[in-house]
Amino acid sequence: MRKRTVYAWLIALVCFIVLMIVTPAIPQSQEYHNFADQRTFFGIPNALNVISNFPFLVIGLVGLILCHHGNYFQLSLQGELWGWTCFYVGVAAVGVGSSYYHLKPDDASLVWDRLPMTVAFTSIVAIFIIERIDERKGMISIIPLVLAGIISIVYWRFFDDLRPYALVQFVPCIAIPIMAILLPPMYTHSTYWLWAAVFYLLAKVLEATDKVVYKWTHHIVSGHTLKHLFAAMVPVFLTLMLAKRSVEAERQSLLKTWRVSWTKVKEGNSNVESYSFSYSNVQQVEEPQ
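Residues numbered from 1 in each chain as written. Predicted model: local features only at pLDDT ≥ 70, side-chain atom pairs only at ≥ 80, totals over all residues. Heavy atoms only, no water.

Per an unreviewed UniProt entry, the recorded name for the protein chain is Ceramidase, and the organism is Crotalaria pallida. Looking at the Subcellular location (unreviewed entry) heading of the UniProt record, one finds this comment for the protein chain: "Membrane". Quoted verbatim from the Sequence similarities (unreviewed entry) field of UniProt, the annotation for the protein chain is "Belongs to the alkaline ceramidase family." (UniProt positions renumbered as here; feature names shortened; annotations may be inferred.)

1. Some words on the UniProt feature "transmembrane region" (unreviewed entry) in the protein chain
In the UniProt entry, the feature "transmembrane region" (unreviewed entry) is given for residues 7–27, 47–69, 81–103, 115–133, 140–159, 165–183 and 226–243. The distance separating the terminal C-alpha atoms of residues 165–183 is 26 Å; by composition the span is 95% helix and 0% strand. (Helix = DSSP H or I, 4+ residues; strand = E, 2+ residues; numbered from the N terminus.)

2. Focus: the nonpolar core
Within the largest apolar cluster, 43 residues are counted, with the highest numbers of intra-cluster contacts made by Trp84, Phe87, Tyr88, Ile124, Trp193 and Leu238. Mapped by element, the contributors of at least two residues to this core are helix H3 (54–68), helix H4 (78–103), helix H5 (107–132), helix H6 (135–159), helix H7 (163–182), helix H8 (191–208) and helix H10 (223–244). The element best represented in this core is H5, accounting for eight residues. In this structure, Ile130, Leu145, Val146 and Met186 belong to the second largest nonpolar core, which totals eleven residues. (Core = buried A, V, L, I, M, F, W, Y, C linked by side-chain atoms within 4.5 Å. Buried < 20%, exposed > 50% of the residue type's maximum accessible area, 1.4 Å probe, protein only.)

3. Here's the deal with empty space enclosed by the protein
Under the counting rule described, the total for this entry stands at one cavity of 30 Å³ or more. Considering only enclosed or pocket space, the largest cavity measures out at about 40 Å³ in volume. Surrounding the largest cavity, Glu131, Arg132, Pro185, Met186, Tyr187, Thr188, Ser190, Trp193, Met241 and Arg245 form its lining. Across the lining of the largest cavity, the residue classes break down as five nonpolar, two polar and three charged. (1 Å grid on protein atoms, 1.4 Å probe; cavity = no way out; pocket = protein on both sides within 12 Å on 5 of 7 lines; lining within 4 Å. Points joined across faces, edges and corners; volume = space filled by probe spheres on them. Nonpolar A, V, L, I, M, F, W, Y, C, P; charged D, E, K, R; others polar.)

Set out below in structure tokens:
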């Protein structure tokens, strides 16, 4: 099993090196800092983009308290506690770092926006490994994954190349929903992972349509402001999941659960059609000649 793990990491490393060789560098566009809504309220520049980060700070602090105060989430594994702690620290730090960035958007302040995001992304991957694959491997992977995220930011800042950061951000967005569907969960309420993924996807769409949304709303709110609010729903859904879930008695993947449910629906429809057909035949027989 250890050899498989080593091979998997080696393959991932080789793929990363090949990708870095065959793809061109992705510099940070300075147009990225030119947000649609640059209004000042109460003396705060870019006010709505700054204030809309407040939910991250709130949910991050709430999550940290619930993780450690009386073990409200009933985290039974040490690796889970570490992983979720890193996640909520990252979320709370996003609230501070992103607000700081939006006060004066530039590459230097953007570091403090992206750095906590990578901590949240990478710790989520480690949590998933703990829950779905192997507790020990997941716990061991927490520090390397978080370090990989931090290094991706340092690399971008020094070499003006976003490729490693893009991998850190987008690979979990693809891998986590797939693993959530295919791998048997340790706990119930696994669909909350998918809801979180949907809201993050919507957040990225709003980020890309910042100016369009601002125009559509007649300069009331921009896409980037809404992006913050939608992205904040990710930790909200994951917190609700932690509060509601229990240990899964019969572990089976969401895909298998959906197949079973779909089979039951089809059987139910077949029974209804069969009953309707039989009932119509009985009526025809009983009709007077």
